[in-house]
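Analysis of the macromolecular model
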Amino acid sequence: MRILKLVFVIFFCATAAAPFISSKLAANAKKEIVPLPAQDPSQFVGNSSCAECHAEQVARLAPTAHHKAKADKASASAQSCESCHGGAKVHLEFHLTAQKLIKEGKDAEAEALQNDETKAKNASMIAFDKLTATQINASCMQCHSQMKEHAVWRGNKHEKAKLSCLDCHSMHHSPAAPTADSKLFATAQAEGKLLKRRTEADTCFQCHGDVRKAQFQRSTHLFRNENREHQLSCSSCHEAHGSIGEKLMRTGSINETCYQCHTEKRGPFLYEHSPVRESCANCHKSHGSNNTALLNARAPMLCQQCHIQGRHQTVAGYSNSAFTMNRSCSTCHAAVHGSNHPSGINLQR
Ligand code: HEC
Ligand code: HEC
Ligand code: HEC
Ligand code: HEC
Ligand code: HEC
Ligand code: HEC
Ligand code: HEC
Ligand code: HEC
Ligand code: HEC
Ligand code: HEC
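Because the structure is a prediction, the values reported are computed rather than measured.

1. A look at the overall build of the chain
Counting its regular elements, the chain contains 17 helices and 2 strands. Taking all 349 residues of the chain together, 18% fall into the buried category.

2. Quick look at the nonpolar core
Inside soluble globular proteins, nonpolar side chains tend to come together where they are buried. Ranked by size, the top nonpolar core spans 8 residues in total: Leu131, Ala133, Ile136, Leu163, Cys165, Cys168, Leu195 and Ala240. Filtering out sequence-adjacent residues up to four positions away, Cys168 remains in contact with Leu195, Lys196, Thr203 and Ala240. Grouped together as the second largest cluster of nonpolar side chains are 5 residues, Cys283, Ala299, Leu302 and Cys329 included.

3. So, unusual backbone geometry
In this structure, Pro268 follows Gly267 across a cis peptide bond, with omega equal to 5°. Position of Pro268 among the secondary structure elements: in the loop between helix 14 (254–259) and helix 15 (274–278). That bond from Ala299 to Pro300 is cis: its omega, 5°, falls within 30 degrees of zero. Positive phi, close to 50°, is recorded for Lys247, a residue that is not glycine. In this structure Lys247 comes out as partly exposed when scored by C-beta crowding, with 13 C-beta atoms within 10 Å. In this model, Leu347 sits at a positive phi of 55°, which is unusual for a non-glycine residue. You can see Leu347 is positioned in the segment after helix 17 (329–332). Residue Leu347 is classed as buried on the basis of its C-beta count, with 21 C-beta atoms lying within 10 Å.

4. A closer look at the environment of Asn291
Mapping Asn291 onto the fold places it in the loop between strand 2 (288–289) and helix 16 (301–304). Placed 72 residues apart in sequence, Asn291 and Ser219 show a C-alpha to C-alpha distance of 6.6 Å. Contact partners of Asn291, with chain neighbours within four places excluded, come to Ser219, Ala297 and Arg298.

5. Things to note about the site of ligand 7
Around ligand 7 lies a shell of 17 residues, among which Ser219, Ser236, Cys258, Cys261 and Cys280 are the nearest. Elements with a contribution of two residues or more to the shell around ligand 7: helix 13 (234–237) and helix 14. Considering every element that reaches the shell around ligand 7, the biggest residue donor is helix 14, with 3 residues. Residues of the shell around ligand 7, tallied by class, amount to 8 nonpolar, 9 polar and no charged.

6. Remarks on the environment of Glu246
For Glu246, the position within the fold is in the loop between helix 13 and helix 14. Contacts of Glu246, omitting those with residues within four sequence positions, involve Ser253 and Ile254.

7. Re the environment of Lys157
Along the chain, Lys157 falls in helix 10 (residues 157–160). Each C-alpha atom, one on Lys157 and one on His241, is 9.0 Å from the other, the two residues being 84 residues apart in sequence.

8. Quick look at the packing of helix 6 (residues 89–103) against helix 7 (residues 107–115)
It is at 7 Å that the axes of helix 6 and helix 7 come closest, and there the two elements cross at 160°. Taken together, the axis directions place helix 6 and helix 7 in an arrangement best described as roughly antiparallel. Helix-helix and strand crossings are classified by hand; for helix 6 and helix 7 the assignment is left-handed. Note on element contacts: helix 7 touches helix 6 through Asp107, Glu109, Ala110, Leu113 and Gln114, opposite Thr97, Ala98, Leu101 and Ile102. Looking at the contact of helix 6 with helix 7, its residues break down into 5 nonpolar, 2 polar and 2 charged.

9. Digging into the confidence of the model for the chain
Of the residues in the chain, 76% reach a pLDDT of 70 or more, and the chain-wide mean stands at 80. Note that pLDDT drops below 50 for residues 1–34; the model gives that stretch 14 contacts with residues more than four away or on any other chain.

The rules we used
- Residues numbered from 1 in each chain as written.
- Chains lettered and ligands numbered in written order.
- Predicted model: local features only at pLDDT ≥ 70, side-chain atom pairs only at ≥ 80, totals over all residues.
- Helix = DSSP H or I, 4+ residues; strand = E, 2+ residues; numbered from the N terminus.
- Buried ≥ 20, exposed ≤ 12 C-beta atoms within 10 Å, placed from the backbone.
- Core = buried A, V, L, I, M, F, W, Y, C linked by C-beta atoms within 7 Å.
- Contact = placed C-beta atoms within 7 Å.
- Near = placed C-beta within 6 Å.
- Nonpolar A, V, L, I, M, F, W, Y, C, P; charged D, E, K, R; others polar.
- Axes fitted to C-alpha atoms, helices over the stretch in contact; angles between N-to-C directions.
- Parallel < 35°, antiparallel > 145°, perpendicular 65-115°, else oblique.
- Left-handed = near helix turned anticlockwise from the far one by under 90°.
- pLDDT = per-residue confidence, 0-100.

See the structure below:
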């Protein structure tokens, strides 16, 4: 009984904490669990017959990686409709018969066939909008579990929050296409990956709308070119499929991720500034900030969060005081990330 109560409390907390996300996720949770049918190759008919009735889906799959993937004769391969939707033998027979009856003018018979619930049910294919998140993920994982991104999918925050691959990806409707800048920027390349929205950031903003404002702040990492394409985007720092680090970082830690591009901040330094070693997030807002250089707060307030006493006055005085003027503390303590100068012990050079 106690455990049951605990489960309820945890469930309540989880749903109450993120109301804006939960409405989206509730739709995933409500679906009835139907077991995924096992793949039976004897039920496969191949792709050639589908276009007759599903021209749109066939056309939309054609430019994607799934269609272009190498055909594997031994089993259903990525380019086969049936490897995702299940064997179509019965489906095809059912709908071709119905079609034939209608053509022959036997409308009543056709209607009777279509109204035969058991037959119609047997003839139905795997429809992804009727599956739970767990089932969708299992379906994609048939092929994707070996890829490096997905070794860490299990147990990550997104999986635990019951997201499915289809919250971010779309197989037939993806509007995202690679741009001319694709070769230049790793993130722009990501924007061709069958994402559900036109850009990667828009895909994430579906749920993380609060990050959107960073694009418009005085100092931002989410800066864009004249075509409003992100030059640096979410996957420059985050791995949406899960990571070994905190906050879904691409690498093991926040700092390691920043060093990928800001290598000079890695050091080694003769005189280190310990908060820098601990985490760049001690002083920087990584998405965007209304202060210069993505700072959490302006100096001297930034420094005063930790330094309130020392060899000299660390509390800002009058407006013309050296401690407030110009770049404030960093006018003198310019090497705030660490110093290699023999007399840089006070991070001044
Ligand atoms: C003769 C026409 C016809 C052909 C050929 C056909 N389908 Fe269908 N398919 C339909 C109809 C009609 C529906 C809608 C059924 C409904 O809404 O209940 C459908 C629905 C589907 C669905 C949605 C899930 C469902 O069962 O409602 C999938 C997936 C699907 N078809 C895949 C395929 C594939 C793959 C092929 C080729 C192997 C194929 N179909 C060939 C007529 C056809
Ligand atoms: C890699 C897996 C995959 C392959 C291959 C695939 N589909 Fe789909 N299909 C999906 C998913 C996922 C959806 C749900 C909508 C979406 O993500 O675009 C879907 C939706 C559909 C639907 C339902 C209508 C809709 O738009 O929701 C039909 C019909 C369909 N697919 C037919 C086909 C046909 C025909 C082929 C082969 C040309 C095919 N699919 C190949 C995964 C796949
Ligand atoms: C039958 C095997 C198979 C299934 C099932 C499958 N995929 Fe794939 N997928 C592939 C192959 C093969 C590739 C191409 C890999 C390559 O080119 O390196 C691919 C590529 C992709 C890509 C990269 C697209 C790009 O443009 O680079 C995405 C995203 C993807 N799949 C998502 C999914 C999702 C989501 C599902 C479940 C709805 C799914 N796949 C189901 C085999 C599969
Ligand atoms: C929270 C959003 C999100 C979810 C959920 C998600 N993906 Fe992705 N996926 C992305 C983004 C963004 C990219 C492009 C950036 C990258 O490669 O990391 C991507 C890229 C991919 C690629 C291409 C990788 C490459 O290097 O070419 C594959 C394959 C893929 N996803 C499969 C899946 C599968 C399978 C699932 C479900 C288990 C899934 N994704 C769930 C956001 C997501
Ligand atoms: C320059 C690297 C970088 C980029 C680019 C970036 N992030 Fe982050 N993000 C971080 C860091 C670092 C944290 C952890 C911040 C902290 O702990 O103070 C974080 C935290 C988050 C969090 C968790 C917030 C929380 O309070 O726990 C979300 C959600 C998030 N980012 C979404 C996004 C989205 C969406 C994008 C793309 C529009 C994005 N991020 C782009 C570095 C980045
Ligand atoms: C369908 C909704 C949805 C989408 C789309 C989505 N997320 Fe999330 N994200 C969540 C939820 C739910 C959580 C967990 C929140 C929590 O536990 O506090 C989360 C958590 C996170 C976190 C924090 C992880 C941590 O350890 O605290 C980051 C970072 C993040 N998401 C980045 C992204 C990025 C990048 C994308 C786009 C590629 C993305 N998300 C797309 C729903 C989503
Ligand atoms: C994918 C590469 C990349 C990663 C990863 C990255 N940055 Fe940056 N960062 C940049 C680029 C590009 C600029 C802009 C440089 C310019 O305008 O000269 C920048 C600018 C900055 C600035 C200066 C902003 C300004 O307005 O002057 C700070 C501070 C910063 N990054 C901190 C971080 C932190 C902290 C992290 C880790 C959470 C991080 N960066 C991760 C590429 C990256
Ligand atoms: C103790 C606070 C603090 C920490 C921690 C910190 N920074 Fe900074 N950072 C600053 C200040 C202050 C500035 C602005 C310096 C100025 O006014 O010239 C700055 C500026 C920057 C800039 C832009 C100017 C330049 O020097 O290139 C980058 C990039 C940067 N920081 C990256 C990082 C990275 C990466 C980390 C983590 C390894 C980090 N910072 C940790 C305080 C900090
Ligand atoms: C998150 C807390 C924190 C912030 C913010 C911070 N510092 Fe520090 N700082 C420290 C710690 C801890 C030390 C190491 C003190 C020690 O070793 O006794 C240190 C050391 C120093 C030293 C060297 C003094 C010594 O005794 O080695 C200087 C100079 C300094 N900080 C200046 C600054 C300036 C300027 C800023 C603002 C740009 C700043 N700090 C922001 C925590 C912080
Ligand atoms: C006009 C130049 C100047 C400005 C502005 C300045 N400092 Fe200093 N700071 C120094 C000098 C010089 C020393 C070394 C004093 C010594 O060794 O006797 C020092 C030493 C320090 C130390 C080490 C003290 C100790 O006890 O070892 C800290 C911490 C520090 N400053 C923080 C700050 C902070 C925070 C600000 C902004 C409010 C600031 N400083 C502004 C010149 C300055």
